[in-house]
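Close look at the chain arrangement
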Amino acid sequence: MRRKVIAGNWKMNKTPNETKKFIEELKALVANTENEVIICVPFIDLATAIEMTKDTNIKVGAQNMHFKANGAYTGEISANMLTEIGTEYVILGHSERRQYYNETDETVNLKLKVAFENGLKPIVCVGESLKQREDGVTKNVITTQTRLALDGLTNELVEKTVIAYEPIWAIGTGKTASNEDANDAIKTIREEIANIYGNETAEKVIIQYGGSVKSSNAKELFEMSDIDGGLVGGASLEPQEFSKIVNYDK
Ligand code: PGA
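For the structure given in this document, a descriptive report is provided here.

Rules and cut-offs
Residues numbered from 1 in each chain as written. Predicted model: local features only at pLDDT ≥ 70, side-chain atom pairs only at ≥ 80, totals over all residues. Heavy atoms only, no water. Phe/Tyr/Trp six-rings, centres within 6.5 Å; stacked < 30°, edge-to-face > 60°. Helix = DSSP H or I, 4+ residues; strand = E, 2+ residues; numbered from the N terminus. Buried < 20%, exposed > 50% of the residue type's maximum accessible area, 1.4 Å probe, protein only. Salt bridge = Lys/Arg side-chain N within 4 Å of Asp/Glu carboxyl O. Right-handed = clockwise from strand over helix to strand, strands pointing away. Pairing = 2+ DSSP bridges. Axes fitted to C-alpha atoms, helices over the stretch in contact; angles between N-to-C directions. Contact = heavy atoms within 4.5 Å.

1. A look at the packing of aromatic side chains
For the coordinates displayed, the defined rule picks out 4 aromatic pairs. Relative to phenylalanine 22, the ring of tryptophan 10 has its centre 4.8 Å away and its plane inclined at 75°; by these criteria the two rings are edge-to-face. Taken as a pair, tryptophan 10 in the loop between β1 (5–9) and α1 (16–29) and phenylalanine 22 in helix α1 lie far apart in primary sequence, 12 residues in all. Pair check on accessibility: tryptophan 10 and phenylalanine 22 agree, each one buried. Judged by centre distance (6.2 Å) and plane angle (90°), the ring pair of tyrosine 100 and tyrosine 101 falls under edge-to-face.

2. Points about the environment of valine 108
Relative to the helices and strands, valine 108 is located in helix α5 (residues 105–117). Spatially, the C-alpha atom of valine 108 lies 18 Å from that of serine 129, the residues being 21 residues apart in sequence.

3. Here's the deal with the pattern of salt bridges
Under the counting rule described, the total for this entry stands at 20 salt bridges. Glutamate 159 serves as the salt-bridge partner of lysine 204, at 3.7 Å between the closest nitrogen and oxygen. Of this pair, lysine 204 sits in helix α10 (residues 199–204) while glutamate 159 is found in helix α8 (residues 155–160), placing the two residues 45 residues apart along the sequence. Taking relative accessible area as the criterion, lysine 204 reaches 40% and is therefore assigned partly exposed. Given the relative accessible area of 24%, glutamate 159 is considered partly exposed. Residue glutamate 200 pairs with lysine 204 through a salt bridge whose shortest N-O separation is 3.9 Å. Of this pair, glutamate 200 and lysine 204 both sit in helix α10, 4 residues apart, which is roughly one turn of the helix. Because the salt bridges share partners, they merge into one network encompassing Arg2, Arg190, Glu203, Asp226 and Asp228.

4. Describing the pairing of strand β3 (residues 58–62)
Where burial is concerned, most of β3 is hidden: 4 out of the 5 residues are buried. One crossover worth recording links strand β2 (residues 36–40) to the parallel β3 by way of helix α2 (residues 46–52), and it is right-handed. As judged from the 2 bridges shared by β3 and strand β4 (residues 89–92), these two strands associate in the parallel manner. Looking across to β4, one finds that glycine 61 is bridged to tyrosine 89. Running through helix α3 (residues 79–84), the crossover from β3 to the neighbouring parallel element β4 is right-handed.

5. Details of the sheet that holds strand β8 (residues 229–232)
Ordered by their spatial adjacency, 8 strands build a closed barrel running β1-β2-β3-β4-β5-β6-β7-β8, and the pairing between neighbours is parallel. Taken pair by pair, the neighbouring strands of this sheet meet at an average axis angle of 25°, ignoring direction. In this sheet, β8 lies alongside β1 in parallel orientation, the contact comprising 4 bridges. When the sheet's bridge partners are listed, valine 5 is paired in β8 with glycine 229. Against the sheet, helix α12 (residues 239–246) engages β1, β2 and β8, with an angle of about 155° to β1.

And the structure:
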């Protein structure tokens, strides 16, 4: 049985002081869950978040990294910088990075390999735009993104990759994919992984849904056969609301 993995993606929100306050409140609220709880915070908040979650079940992730270990890349952060301070997860290929910062399938693939080489656990985002959905090319878009992201990885590493299916039109819009549509898209991604890496590997991969997940829809989404939790943006910014999503099964 795959476990449920519920990750908050704070995007560009919260200062270190706000991070401290958030974790102080969240830790008791999620202490009794069996689900994996992750908060992906801005770089500047990582050290605080890691320190504050030390004796808790909350894991900490970054939202991006560079694929090079060091060099003349002003403003960038490398994988070994993240791991040295104890970062466990990293989001790669979020649609906002693809849209605003030239992230491509190739750089996502490079970053994924470097993340693993450095012992980080990647959460790779894939998903179609509204236009692509309307044009009927969703399946092609999400299978291509998945295939190119995972290209060259061993089965063992594919099994350790968390994938987040995030239809772009559902991100931050309040529009959620229907449970069936989200589940079908995730099944399509799993089938693509099965075609390349075999069924046994595909069945082990955690595939989350993301896009306007909130406490009022988390249960119905996460109870679908192929949805293994969620990547949560806006609704992860408030401890009470985020904890209700984490505890959807209580
Ligand atoms: P949202 O964002 O929950 O605010 O729609 C999700 C995401 O972009 O990861």
